[in-house]
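# Architecture and fold: a report
Below, each chain spelled out in residue letters.
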Amino acid sequence: IEEFKKRGYFYQCTDLTTLEQKTTRGKIAAYIGFDCTAESLHVGNLMQIMILRLLQKYGHKPIVLVGGGTTKIGDPTGKEELRKYLSDEDISRNMAGIKKSLSKFIKFGDGPSDAVMVNNADWLDNLGYIEFLRKYGRNFSINRMLTMDSVKTRLEREQSLTFLEFNYMLLQAYDFYYLNKTYNCSLQLGGSDQWGNIVTGVELIRKMSKNESFGLTTPLLTTSSGAKMGKSVSGAVWINEEHLSPYDYYQYWRNTEDADVGKFAKLYCEFSQSEEKEFETLISKNINEAKKKLAYRVTELCHGKEKAQEAFDTAIKVFEQKTVSHN
């Protein structure tokens, strides 16, 4: 948790003191959910990916939940309209792409701290609706659900929120309950916009099983000029190379705004203390060299040393020596 805070990942927690004690005393299982809306994760997901990596580094078990079930509904959080329909084939293709993105950063397997990937369609698809409402529906207060940001903002803007989307919060809460019961998962992580959904899950677990569980959120990240992380002029900054070349990935980070270089290094570079000190000095002395180092390190973590070096060399030839034109 200390490193979590130091790197800038921490925003809010349901019970930080108890969680700190729990993670100090032993190992826990924690999960982050990704809906299957694209064939690759992108830079906007990178903080969550780095958190899974940090959990694994400390011997905790990361659970990656892919929303094969919830993707069919669509999370209304931050969305102004209903999500487009995806077929089962689309969803399973996207799941494979998400696993590929994550495998660059974390290890999947059967070991105690190896990551596992679970698909909520495995339990949501067979959920009897009437039975679900009778058993779990009584634990959700409509009054409380209406105060959650994901619902409130849509209603305030007078944009229609379908009953289908309104159910998303219940299903996400049930996911946490299911993982708590089946995998002894005691922590759900997500962006700060997920706070309402996460707290609803913590409350459901308490009401249904009296088990201890925690929610922890990360800050929503924008660049210094207010742009959303992971978006470039030409679209999303994808992690899988078939959607974006390592060179273009490198260039995205090379073009970081001056004010963000130090922050991004903390979030995404895994520098040691001495490297961090050196990097801070470099920022104050030569911001362009610092940007190259940031871009190299982040590209190396995602695509490996060889591809990072190639991207670095190509950029030098294109922009400094002007010996290559890059299309």
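Preceding block: the structure.
The notes below deal with the structure included here. Model, not experiment: these values are computed from the prediction.

### What to know about the overall build of the chain
When you go through the chain residue by residue, the secondary structure sums to 16 helices and eight strands. Its C-alpha radius of gyration of 21 Å places the chain within 12% of the 20 Å reference for a compact globule of 327 residues. Projected onto its principal axes, the C-alpha positions of the chain cover 70 × 45 × 40 Å. Out of the 327 residues in the chain, the part that is buried amounts to 49%. Residue pairs at least 24 apart in sequence account for 76% of intrachain contacts in the chain once pairs closer than 6 positions are excluded. Of the roughly 16,200 Å² of accessible surface on the chain, a fraction of 50% belongs to carbon and sulfur atoms. Averaged over its 44 positive side-chain charges, the chain has a centre that lies 4 Å from the centre of its 42 negative ones.

### Quick look at the state of the cysteines
Per the stated rule, a full pass over the model turns up zero disulfides. Take Cys36: it sits in no disulfide, and the sulfur closest to it among the cysteines is that of Cys185, at 18 Å. With no disulfide of its own, Cys185 lies closest to Cys13 among cysteine sulfurs, the gap being 13 Å. By relative accessible area, Cys185 is classed as buried at 0%.

### Structural notes on the pattern of salt bridges
This structure, assessed with the given rule, holds 18 salt bridges. Residues joined in a network through salt bridges with shared partners are Glu3, Arg7 and Lys57.

### Some remarks on the packing of aromatic side chains
Using the criterion set out here, one finds 16 aromatic pairs in the structure. Ring geometry for Tyr249 and Trp253: centres 6.2 Å apart, planes at 65 degrees, overall edge-to-face. Of the two residues, Tyr249 and Trp253 are both situated in helix 12 (residues 246–254); the distance of four residues between them amounts to about one turn of the helix. We note that Tyr249, like Trp253, is buried. On the numbers, 5.2 Å between centres and 85 degrees between planes, the contact of Tyr252 with Trp253 is edge-to-face. A network of ring pairs unites the aromatic residues Tyr249, Tyr252, Trp253, Phe264 and Tyr268 as a single cluster. It is Lys5 that lies over the ring of Phe10; its NZ or CZ is 5.9 Å from the centre.

Cut-offs used in this document
Residues numbered from 1 in each chain as written. Predicted model: local features only at pLDDT ≥ 70, side-chain atom pairs only at ≥ 80, totals over all residues. Heavy atoms only, no water. Helix = DSSP H or I, 4+ residues; strand = E, 2+ residues; numbered from the N terminus. Rg over C-alpha atoms; globule rule 2.2 N^0.38 Å. Buried < 20%, exposed > 50% of the residue type's maximum accessible area, 1.4 Å probe, protein only. Contact = heavy atoms within 4.5 Å. Areas by Shrake-Rupley, 256 points an atom, 1.4 Å probe, with all protein chains shown as cover. Lys, Arg positive; Asp, Glu negative; His and termini not counted. Charge placed at Lys NZ, Arg CZ, Asp CG, Glu CD. Disulfide = S-S within 2.5 Å. Salt bridge = Lys/Arg side-chain N within 4 Å of Asp/Glu carboxyl O. Phe/Tyr/Trp six-rings, centres within 6.5 Å; stacked < 30°, edge-to-face > 60°. Lys NZ or Arg CZ within 6 Å of the ring centre and 35° of its normal.

Structural measurements only, silent on function.
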